[in-house]
Structure formats: structure tokens, C-alpha cells
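Chain by chain, the residues run as shown.
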Amino acid sequence: MDYPVPLARLIDELSKMPTVGPKTAQRMAFYVMRLTTEEAQSLADAILGVKAGMRYCSVCFGITDTDPCAICSNPARSGAVLCVVEDPRDVIALERTREFRGRYHVLGGAISPLDGVGPDDLKIAELLSRVREGGVTEVIVATNPRVEGEATAFYLARLLKPLGVRVTRIAHGLPVGGDLEYADEVTLARALEGRRDL
Amino acid sequence: MPRLRRLWIRAFRNYSRADIALDDGITALVGRNGAGKSNLLEAVYLVATGRSYRTAREEEAILRGETAARVRAQISRRGREEEIEITLAVEDGRLTSQMRVNGAPTPRGSVLGRLTVVLAAPWDLEMVRGSAAGRRRLLDAALAQLSPSYFFALHRYHRVVAQRNAHMRRGAPGGTEAWDAQMVALGVRIAAHRTEYMRRVAPEAEAWFSRLGGEGTLAVAYRPSWPGETDESREEEARAQLARLRADEIKRGTTLSGPHRDDVDLSLEGAALRANGSQGQWRTAMLAVRLAERGVMASETGESPVLLLDDAIAELDGDRQKRVLGLADEAQVLLTSTGLPQVAGPVRVLAVEAGAVAEAIWSSRLERF
């Protein structure tokens, strides 16, 4: 027997979500069905609230509920250093370090011809105009260390250097707190490659 | 010395289940053609390297009527027991694999090298008569087991070439410079590894060829697309070729130089082995190359890899069989044969019978010779 239409519709919607397969979607739908009306309302409100309340910052293209975002409008953050990342989630990760006092620029991905993503599909022109406006002395390229992130970093460096800013790339290597013995071979090999003089 | 202690097989090729305890030294799998002897060696190779050496009809790796095949190997290495496992399954019409070490999902790059293996099989003749791709596998199969950083570089290199090709085919604006830098850096490293490896394999293979009674002089040589004595000269060569081939590459939408175009020359008395040798000489040459591979891997890691000989010594006379199997450093050897091999020392013989049921296959365990 097929599920009754309202339940089938919910399963259908839920299974469109990333990492959610049909079985998980069924389990979630049954969970929702058993919620009280108030709880279901609260879930629905949260979903609609994200749509209504979240947007992309018009300066850095990170996710925000105010425009410009809290980081871009914070006078205590230095506009002299820009950290370029692929994804809004990378901003959250870097913010958790509480080390970085500059501002961000979110590209919205990395160059990947196999996926049909070229420089024009990313917020690169916007980055260049931010730098051209002046006040930026360093751009830290924190794209992912995959080949696509490296190619994007190379591409950005070529465009940014003529503008007279310092362009740096984040280092990659061993996770801190990990013993050498337990690092996987690839990470160790990369760390060896990125060794520096003492 | 890595040792294969036990092999479990479920729904792989013609085996529904098998559970085989293995000893040190030489084990001969004896049975009629089609009994499934080669499938056992393939299972060992698969769990050790994450890849089958049979590329055609991959989906047949899973026993008909089953959804997944599994091979698990209990190995001991440097005094430690470990269990490595591979599961093959078909998802969306494609064969996928998942590897585990001691039960924990593990990427292929971290499984390679735990159970080092060298395999000589009838398919090796493809290296003589087939395309350069087969001969590059000769380099990659050994180097990926020897060096995680080689595996890593090769993996990334292929991705960069695929992206670079896509860039050209899509007529994306701007040049390929963003990809070229990575391609050259990774490619130079790959070529350096391959050069060093072949510098050691070539003389050993040439010596094995005459030791196995091969007529004439075999020569084995690496033919890199970006030749050079040093990384600097390779890089210079790479840059020069990229510049020279640019127009052609854009027209054809594909990358025309680099390690993915490397080759290995096999020649007999100065002429291409493919054109010059008999089938018998081809077989001897390929076995010589595999034995050289084993020797280099053994000296590189300080421990002999497990040697898998799939129907590789049947045509050799008794003396030469002894030469192959009398390897000095106590390698574990698994070989298939339709008859009993000629060896001086003890050999454990397992009879393989047609069919998929383990009990039937392992019903007769002959005495030690």
C-alpha cells in the first residue's frame, strides 16, 4: 500500500535533502506526524524563518540575518585583511578559532570546469572591486586544499598581485594535537612537503 | 614480512563462501581450468590493492544473484595482526568499493602498502601487445604500494588533467594556467618516482630474463613524456611542451603531454618486443619484469611482498621453476597450476575444484611435498 498523500508528500520533500535517503525520510516523516501541533508549527516556522530571515551579505556574501553582516559592520574588525573562503560554512569554522580579526569574502565555490563552474560563477569580480576600493593590504586565500581550491587560489593570486596587495595562502599539514604516529600517510606526506626551515 | 594468514571470501566470482588458512612459504592451488584458482589470487590482489587487475566485465566480480561481494584478509606485518577488507557492491549500475582496516572504513590510499603484493598473470601479455595504459599500470601498481605520497600525487594529477581537459573542451575563458602550475608540480614528482623506480627495475628484469632462459637480450626502459635528469630539467621540459602543444591541445580539447602519456619500452635485441618476440618470449619477459618488481619492492620496504603467480610458471622447465620459487628471502608465494610445481623445498598443495562451495573446493588437502 502507498502512503496516504499528506505523508507521502512530506517523505518526498524530506528525501530531497542532502544525505537523506528514502528510509531516513520515512523515519523523519513519522517523527513529524507524531509531533504535537505546537511542535509541528514551531518546526514549520523555523523553516520559513530561515527563508524569510537569512540572506547573503551584500559585502562579503556570507550568510547573515542583517545586511551588511555582523562581521562586515563591526568597526572592531580590520578591513585591511581579507580572508577568502569557498563556502559560508568556512567562515563559521574560521570564526570559531577567534584568531582572525579581519573580514571575509565568500566566493560561493571553487573553479571546477568538470562541474561547469568558471570564475564568472564565483564572487571574484566583487572581490576585486573590494580590493580596488582601497584599504586592503593583505588577502589570505583560504580555499580548500583540493585541486579545485588550489587552482582557484592560483587564479586569484594572478589577479590580486597586480593590485598591489599581499596575497597569502593558508598552510596545510598535520592537525595540532595529533601524534605523528597516528597521522594518515597522505596528511604526513603533505606536511613533509610543506616543511620549513628552523 | 607481510604474511597473509587467512582469507575469507563471500559472493566473489564463483565463490559463495570460502575461508582459507594460509601458511608461510609456497602454496600451490592446483585444479582444472575454470575451477576458480585465479579467482583466489584475484581476491588477494583485490583486498591488498583495492583494485582488480581484470578490468573487463567488472560486474561479474559479484556472484550472480548477490548484491555485494566481500573479501577479508587477516594479515600479520611487523609482529602485528591486522584485518583488511573490501566490499564490492553495485550502485546505480556502477561497481563501488569500500575498504576497511580492522573494521574501520579507510580510504584506499591508507590501505595500500599494508599487504604488499606482486602478481604475475596471463593478462600481463597485454603489457606487450596492448596500449601504454597497461604499461603505466605496471609502474603505478608497485609505486602506489611503496609510496603513499606517490598515490596521492597520482590521484591529484589525474583530477587536474580531467579539470584541465574540461576547461579546454568547454572553451572556458582564459588560459589553463591555473591548472598548469599544479599539473607540472605533481607531474614532475610522479616522473621522478617512476624514473627512480625503473632505474632499479630495468637491470633486475633484464637479468631475470636470461636467468629464466629467455633467448636474446631484453631491454626495459622508462619513456617519460617529460624527460629530465633532475626535477628542474623535467619542469623545464614540461613547460616547453605545454607551450609547444598549446594550440593543438585547445583544438583537440585534451592534455597532450605529461605522465599520463608515459610509456615503458620493452625490446628484444634492440627491436620492439611486440614485433620481435614469440609468445613464449613475451611470457618470460613479463615474468622477469614481475620478479624484478618483487625484488625492488622487497629491497625498498625491507620485506618481500606476497608473490602471486597466476599460471605464470607452467611453461618453465623444472630447473627454472626452482629458480623462480627458490627466492632467497622467504617470500610467501601463492601460485596456481594445473599440475604440481617442481620445487626443492616443501610446498603446501590445495586442490581447487569447480564450483563455488568452499567445502567442496577445500575437500582435499594433499600431503606436503
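Residues numbered from 1 in each chain as written. Chains lettered and ligands numbered in written order. Predicted model: local features only at pLDDT ≥ 70, side-chain atom pairs only at ≥ 80, totals over all residues. Heavy atoms only, no water.

(A) Main features of the pattern of salt bridges. All names here are of chain B. According to the stated counting rule, one finds 32 salt bridges over all chains in the structure shown. Salt-bridge contacts for R199 lead to E196; the nearest nitrogen and oxygen are separated by 2.8 Å. Taken together, the residues span about one helical turn, with R199 and E196 both in helix α6 (residues 177–211) at a distance of three residues. Taking the relative accessible area as the measure of exposure, R199 reaches 53% and is therefore exposed. The exposure class assigned to E196 is partly exposed, which follows from its relative accessible area of 37%. Overlapping salt bridges, with partners in common, bring together R70, R72, E83 and E85 in one network. (Salt bridge = Lys/Arg side-chain N within 4 Å of Asp/Glu carboxyl O. Helix = DSSP H or I, 4+ residues; strand = E, 2+ residues; numbered from the N terminus. Buried < 20%, exposed > 50% of the residue type's maximum accessible area, 1.4 Å probe, protein only.)

(B) The arrangement of the side chain of Q241(B) in detail. All names here are of chain B. Here Q241 lies in helix α7 (residues 231–252). Of the residues examined, Q241 reaches a relative accessible area of 8% and is grouped as buried. Engagement of the side chain of Q241 in a polar contact is seen with the backbone oxygen of S225, the distance being 2.6 Å. For Q241, the residues in contact, after removing those within four places along its chain, are S225, W226, P227 and S257. (Polar contact = N/O pair within 3.5 Å; in protein donor to acceptor, adjacent residues only side chain to side chain. Contact = heavy atoms within 4.5 Å.)

(C) The arrangement of the packing of helix α4 (residues 132–146) of chain B against α6(B) in detail. Residue and element names in this part refer to chain B. For the pair α4 and α6, the least separation of the axes is 10 Å and the interaxial angle reads 95 degrees. Overall, the two elements α4 and α6 adopt an arrangement that is roughly perpendicular. Side by side, α4 and α6 meet where R136, L138, L139, D140, A142, L143 and L146 of the first sit next to H193, R194, Y197 and M198 of the second. Residues that form the contact of α4 with α6 fall into these classes: seven nonpolar, one polar and three charged. (Axes fitted to C-alpha atoms, helices over the stretch in contact; angles between N-to-C directions. Parallel < 35°, antiparallel > 145°, perpendicular 65-115°, else oblique. Nonpolar A, V, L, I, M, F, W, Y, C, P; charged D, E, K, R; others polar.)

(D) How the structure looks around the packing of aromatic side chains. This structure, assessed with the given rule, holds two aromatic pairs over all chains. Ring centres of Y3(A) and F30(A) lie 5.9 Å apart, and the angle between their planes is 70 degrees; on these two criteria the pair is classed as edge-to-face. In this pair, Y3(A) is assigned in the segment before α1 (5–14) and F30(A) in helix α2 (residues 22–34), connecting sequence segments 27 residues apart. The residue whose ring lies beneath R72(B) is W8(B), and the NZ or CZ to ring-centre distance is 5.3 Å. Just above the ring of W208(B) sits the side chain of R211(B); from NZ or CZ to the centre is 4.3 Å. (Phe/Tyr/Trp six-rings, centres within 6.5 Å; stacked < 30°, edge-to-face > 60°. Lys NZ or Arg CZ within 6 Å of the ring centre and 35° of its normal.)

(E) Layout of the confidence of the model for chain B. Residue and element names in this part refer to chain B. Residues with a pLDDT of 70 or more make up 93% of chain B, whose mean pLDDT is 87. The secondary structure element of chain B with the lowest average pLDDT is helix α11 (residues 358–361), at 34, and the one with the highest is strand β9 (residues 218–223), at 96. Confidence drops under a pLDDT of 50 for residues 355–369, and excluding neighbours within four residues, the segment shows 37 contacts in the predicted structure. Two numbers describe this predicted complex: its pTM, 0.86, and its ipTM, 0.81. (pLDDT = per-residue confidence, 0-100.)

(F) Representation of the environment of I111(A) in the model. Tracing the backbone through its elements, the reader meets I111(A) in the loop between β4 (103–106) and α5 (124–132). Classification of I111(A) by relative accessible area gives buried; the value is 6%. For the pair I111(A) and A40(A), spaced 71 residues apart in sequence, the C-alpha to C-alpha distance is 40 Å. Those residues in contact with I111(A) that lie beyond four places of it in its chain are V117(A), P119(A), L122(A), E148(A), T152(A), Y155(A) and W179(B).

(G) Layout of the packing of α4(B) against helix α5 (residues 148–169) of chain B. Residues and elements named next belong to chain B. One way to put it is that α4 packs onto α5 with a least axis distance of 5 Å and a crossing angle of 125 degrees. Compared by their axis directions, α4 and α5 come out oblique. Along the contact surface, α4 presents D140, L143, A144 and L146, while α5 presents P148, Y150, F151 and L154. Residues that form the contact of α4 with α5 fall into these classes: seven nonpolar, no polar and one charged.

(H) Focus on the pairing of strand β3 (residues 26–30) of chain B. All names here are of chain B. The element β3 is extensively covered by neighbouring structure, given that five of its five residues are classed as buried. Residues I26, A28 and V30 of β3 are buried on one face, and the alternating residues T27 and L29, pointing to the opposite face, are buried as well. As paired elements, β3 and strand β14 (residues 347–351) share five bridges and run parallel to each other. Considered in β14, the bridge of L29 is made with L350. (Pairing = 2+ DSSP bridges.)

(I) Structural context of the sheet that holds β4(A). Residue and element names in this part refer to chain A. In spatial order, the strands read β4-β3-β5-β6; together these four strands make up an open sheet with parallel pairing. This sheet does not close on itself; its edge strands, each paired only once, are β4 and β6 (166–169). On average, each strand axis in the sheet is tilted by 25 degrees relative to the strand beside it, whichever way the strands run. Examined bridge by bridge, strand β3 (residues 81–85) and β4 share four bridges and lie parallel to one another. Pairing of C83 across the sheet is with Y104, part of β4. Of the strands in this sheet, β3 and β4 touch helix α4 (residues 88–97), which is tilted by about 155 degrees from β4. Sheet strands touched by helix α6 (residues 147–160): β3, β5 (138–141) and β6. Its angle to β6, the strand with the most contacts, is close to 170 degrees.

(J) Structural detail: the sheet that holds strand β4 (residues 68–77) of chain B. All names here are of chain B. Spatially, six strands are ordered β2-β1-β4-β5-β6-β7 in an open sheet, and the strand pairing comes out antiparallel. In the strand order of this sheet, the two ends are held by β2 (15–21) and β7 (104–105), each with one partner. Inspection of the sheet shows β4 paired to strand β5 (residues 80–91) by ten bridges, in the antiparallel sense. Across the sheet, R77 pairs through a bridge with R80, a residue of β5.

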